[in-house]
Amino acid sequence: MKYLLTGLVLSTMLITVQAKDFNADNAYKKLQKHYVLSDKLNKFSLSYNSSRSGKHQSYDYNTTKYTTTTSLLELDLSNELFYQHSRSEYPGEFVFEFKHFKNDKTALDYDVNGVINGKRVAKLSDEDVSHFMGLGTNIIDFLAVKALFSNTITSAAGKANKIPRSDLAISYNEISGDITIRHQQDKSTIDYNFNGNSLNLSSIHNNSKATHTVFEQYKRGPEREFASAISIYKKGKLAQQFNLKELKLIDKIEQQHQQVPMGYGSLIEKSSQELSLTKIATNLYLVTTASAGRNVLVNVQGNDLIIFGAPISDLKSQKTITLLESEFPRKKIKYVYVTHAHSDHIRGLRAYAKHGATILADIHSIEAIKTFPLFEQDIALFKFNEIKHLSTVADATFHIPGNSHAKGQSIVYFADAKIIYEGDFLEIPFDNTIPSQMPMATKTFIKYVRKHKLEYARIVGHHRNNDIKPAIVKAYSAKHMGMM
Ligand SMILES: [Zn+2]
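Residues numbered from 1 in each chain as written. Predicted model: local features only at pLDDT ≥ 70, side-chain atom pairs only at ≥ 80, totals over all residues. Heavy atoms only, no water.

(A) Inspection of the overall build of the protein at higher detail. Scanning the protein for helices and strands turns up 11 helices and 26 strands. Its C-alpha atoms put the protein at 85 × 60 × 40 Å along the principal axes. Expressed as a percentage of its 484 residues, the buried residues of the protein come to 49%. Of the contacts made within the protein by residues no fewer than 6 positions apart, 56% connect residues no fewer than 24 positions apart. Here the protein displays about 24100 Å² of accessible surface, and carbon together with sulfur accounts for 52% of that area. With 60 positive and 48 negative side-chain charges, the protein shows a separation of 2 Å between the mean positions of the two kinds. (Helix = DSSP H or I, 4+ residues; strand = E, 2+ residues; numbered from the N terminus. Buried < 20%, exposed > 50% of the residue type's maximum accessible area, 1.4 Å probe, protein only. Contact = heavy atoms within 4.5 Å. Areas by Shrake-Rupley, 256 points an atom, 1.4 Å probe, with all protein chains shown as cover. Lys, Arg positive; Asp, Glu negative; His and termini not counted. Charge placed at Lys NZ, Arg CZ, Asp CG, Glu CD.)

Written out as structure tokens, the structure reads:
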């Protein structure tokens, strides 16, 4: 006991001595020396995996699944060029695979398996370019702290990338032994925490974004060590994890990674976000934008309006509500239907709930909506009516085919109009080229429609293509299911 006390006193004294001896300028110099970067690190390739947690992107909201993305990034920071290839998998075997690049003339992306954009090519905006150029800064420790220690004032693009020493406050934590560099600007405070022994970055805390990023599992790379496990917490909850697999120095980005391959065609035009309302059948209207990112159907029955699809924010829903109020001033939105409870399909429901509409969904989706964190404060406003397999509302018949994308996911059949409305069962790009991959959920959908002889002239997808013709579905299934 006596020795234990002596030990405690001694260790307390030691910390006091260290803290007293702590010299901010010396600590800064030590870290700066540790993080001095060779010019070779301006050009590298990085392969990594990332995963995002999401109950409301899982097959079943009760089991949190992680969406995983595999990526290869090539960065040329000296010339502001990049290439990124990413492949993400979603429930039901949906695979979204894109290649993005910036060469010295242009910045573009294209869809590898053609599920979303087909053979069309999209121009990247300035924000997209900054996003890709900044990817390394978000996930590679030595780039994350580059601005703190760099001697260069501006980058090739002329952006300031050095924070002056006078803007930094440096402190020492007696308990953890961490050294913290604080950068305060207006209302934002960013704390960079470094391990006092290894001098490696251990975490970054950004108070205005409410994010905490942890850098762990340092491993040997070219020129220096780097953290291979990165976890991003938002408001205290784990939001995203990165596993950095291989970092290699390169001389330049490969030529073939700086161009669109043969077979790709027209450029996707930037289109307006203005909503339009078009009559597509008796008592049936399509509300969409020119790019048709999200398609909503409206079925008019007497004085009631029934809405199909409630994407992706209150703002988008409110725009639809405002449009319907001006087009149908004497009618009332009675119901709003959602195909399944994935976050991008339900995030706009609150605007309808506040408007007094009752939500139509299968029982599993209703339960999932009730647990959606965004609705926690207002859930008492939500009214639900459960739809069952083959139940009907106005001109719509609901079908629940069973599938692997989302439990309970349903489709709508308008028998008189010969129109099917679906979300995340079938994706055909706008240019009607046939994707090189077919998800399991799509196979289930096509088999179901055939087996139950749902005769249709048009399929309206919730995402993008809102006029999918039977001939295209036939060609798609002939290619991947051997069905004619
Ligand atoms: Zn979905």
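(B) Expanded view of the coordination of the zinc ion. Distances from the zinc ion to its protein donors, namely His340 (NE2), His342 (ND1), His405 (NE2) and Asp424 (OD), fall within the range 2.1 to 2.2 Å. Around the zinc ion, the four donor atoms are arranged such that angles at the metal cover 92 to 168°; this shape is classified as irregular. (Donors = N, O, S within 2.8 Å, 3.2 Å for Na, K, Ca; no water. Tetrahedral: all angles 85-135°; square planar, octahedral: opposite > 155°, others 65-115°.)

(C) Quick look at the sheet that holds strand E26 (residues 458–461). Taken together, the five strands give an open sheet; going across it, the order is E22-E23-E24-E25-E26, and neighbouring strands pair in mixed fashion. A single partner strand is all that each edge strand has here, and the edge strands are strand E22 (392–393) and E26. Two strands pair when backbone bridges link them, and E22 and strand E23 (residues 396–399) are joined in this way by two bridges, in the antiparallel orientation. Each bridged residue has a counterpart across the sheet, and for Val393 the counterpart in E23 is Ala396. The sheet contacts of helix H10 (residues 440–451) involve E23, strand E24 (411–414), strand E25 (419–422) and E26, and relative to E25 the element is tilted by about 150°. (Pairing = 2+ DSSP bridges. Axes fitted to C-alpha atoms, helices over the stretch in contact; angles between N-to-C directions.)

(D) Geometry of the domain arrangement of the protein. Annotation of the protein at the domain level lists domain 1 (29–258) and domain 2 (272–480). Here the C-alpha centroids of domain 1 and domain 2 sit 36 Å apart. Contact residues are listed per partner, giving 21 residues for domain 1 and 33 residues for domain 2. With both chains or domains summed, domain 1 and domain 2 bury close to 2200 Å², and 56% of this area falls on carbon and sulfur atoms. Connecting domain 1 to domain 2 are one salt bridge. For Lys407, the salt bridge is made with Asp60, and the minimal N-O distance between the two is 3.9 Å. The tally of links from domain 1 across to domain 2 stands at 17 residue pairs in polar contact (both at pLDDT 80 or more). (Domains from an automatic or database assignment. Buried area = accessible area lost by both parts, 1.4 Å probe. Salt bridge = Lys/Arg side-chain N within 4 Å of Asp/Glu carboxyl O. Polar contact = N/O pair within 3.5 Å; in protein donor to acceptor, adjacent residues only side chain to side chain.)

(E) A look at the sheet that holds strand E19 (residues 332–337). With mixed pairing, seven strands are arranged side by side in an open sheet as E15-E16-E17-E18-E19-E20-E21. Looking along the sheet, the strands with just one partner apiece sit at the ends: strand E15 (276–281) and strand E21 (383–386). Strand-to-strand twist in this sheet, taken as the mean axis angle between neighbours without regard to direction, amounts to 30°. Of the strand pairs in this sheet, strand E20 (residues 358–361) and E21 are connected by four bridges, and their pairing is parallel.

(F) Inspection of helix H3 (residues 126–139) at higher detail. Here H3 spans 21 Å end to end across 14 residues, near enough to the 20 Å set by a 1.5 Å rise per residue. Of all the bends found along H3, the most pronounced is centred on Met133 and spans about 40°. Within the span of H3, buried status applies to Val129, Phe132, Met133, Leu135, Gly136 and Ile139. (Expected span 1.5 Å × (residues − 1). Bend = angle between axes of the 7 residues up to and from the residue.)

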